[in-house]
Amino acid sequence: MKPNLVTVALSAIVLLGLPSCSTTTSSATTTTAPTTAATQTQTSIKVGASSSTLGLIKVLQTNYEASAKNVKITNLEPGQSENIIDGVKQTLVDVGAISRTLKPEENDGTLESRDVAHDALLVATNSSVTGVKNLTTEDIKGIYSGTITNWKELGGTDAKIVLLDRPEDESAKRLLRKYYLGADLKNSLEAVVFRKEGELIEAIQSTPYSIGTFSLAHAISDKLPVNRLSLDGVEPTRENVKAGKYPMVRTISILWHKKPSEATQALLEYISSPPGINAMEQSGFISVTQSAKN
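Fair warning: this is a prediction, and the values are worked out from it, not measured in the lab.

Caption draft 1: Quick look at the side chain of Thr53. Of note, Thr53 is situated in the loop between strand S1 (43–49) and helix H3 (54–67). Taking the relative accessible area as the measure of exposure, Thr53 reaches 0% and is therefore buried. Those residues in contact with Thr53 that sit more than four places away from it in its chain are Ala97, Ile98, Ser99 and Ile252.

Listed below in structure tokens is the structure:
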């Protein structure tokens, strides 16, 4: 079952509203410390992101909170794009992030959206894999269909390939099919499928002889100890992405309600500002604004 972001948000609101209980009583007079002005004016912005866009949101959060006064960004549990969109429509989420452009039919007239960044998808292996630097389209098809099962078939060591995969409705798998696998290729029955991208990233670092597809920006910003593979002779670099040589790239969009609060509006302006763009670029993402200039 898909996680329901609206349910999670409502549950959080209910929990926050419950009074605290205590079984201890005292006749002594209790003195309450005065509330500081900073605490009184602190504003919380609720952000809902899909698992594949959470990396970008955390980059923006860290940099924005360091510069904005009395603002706290609360990341809700990552969910599916449909739930995030519904959460923004119902104003349970202030800012949403999805790994694609918002479709016209998904907007009931209450939403605003903007493409903010490009994130290349990297095909990588665990550091235990040696002798394999490049995969052709046919190699990728063989691995993901299960017809190529040992690294020695690709010039590597004699070890079984451990395929880490994503569901068909996730951006990583959709783009793999679009550019390399094709629509009709059957999945290997031995593939280990991860619903969240973060889970796959953890697994590929800890599982010998594994291979998987995930965010290049995440690999760059966190300096992940994995082998980044070229595809059909093209290296997965930001330069090749900007030049249009590396095709497997997803677009990250943000969306918000047409009547945002002042705090939400300030965050939206930051994302498109030079500091926000710089934060994205330094973390391996490619700002849509910067990309348009090249």
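Caption draft 2: Structural view of the packing of aromatic side chains. Applying the stated rule across the entire model yields one aromatic pair. Geometrically, the ring pair formed by Tyr64 and Tyr270 is tilted, given 4.9 Å between the ring centres and 45° between the ring planes. Of this pair, Tyr64 sits in helix H3 while Tyr270 sits in helix H10 (residues 262–271), and the two are 206 residues apart along the sequence. When sorted by exposure, Tyr64 lands in the same class as Tyr270, which is buried.

Caption draft 3: Expanded view of helix H5 (residues 137–145). Counting buried residues along H5, seven of its nine residues qualify, which places the element largely inside the surrounding structure. Within the span of H5, buried status applies to Thr137, Asp139, Ile140, Gly142, Ile143, Tyr144 and Ser145. Tucked inside the fold, the buried residues of H5 contact strand S5 (134–135), strand S6 (162–165), helix H6 (171–181), strand S8 (210–215) and strand S10 (230–231). One or two positions beyond H5, positive phi appears at Gly146, with a value near 90°.

Caption draft 4: Examining the nonpolar core more closely. Counting 41 residues, the largest nonpolar core has Leu135, Ile143, Ile211, Phe214 and Met248 as the members making the most contacts within it. Of all the secondary-structure elements, those providing two or more residues to this core are strand S4 (111–126), H5, S6, H6, helix H7 (197–206), S8 and helix H8 (216–221). Membership of the second largest hydrophobic core comes to 29 residues, among which are Leu54, Leu60, Ala117 and Met280.

Definitions and cut-offs
- Residues numbered from 1 in each chain as written.
- Predicted model: local features only at pLDDT ≥ 70, side-chain atom pairs only at ≥ 80, totals over all residues.
- Heavy atoms only, no water.
- Helix = DSSP H or I, 4+ residues; strand = E, 2+ residues; numbered from the N terminus.
- Buried < 20%, exposed > 50% of the residue type's maximum accessible area, 1.4 Å probe, protein only.
- Contact = heavy atoms within 4.5 Å.
- Phe/Tyr/Trp six-rings, centres within 6.5 Å; stacked < 30°, edge-to-face > 60°.
- Core = buried A, V, L, I, M, F, W, Y, C linked by side-chain atoms within 4.5 Å.

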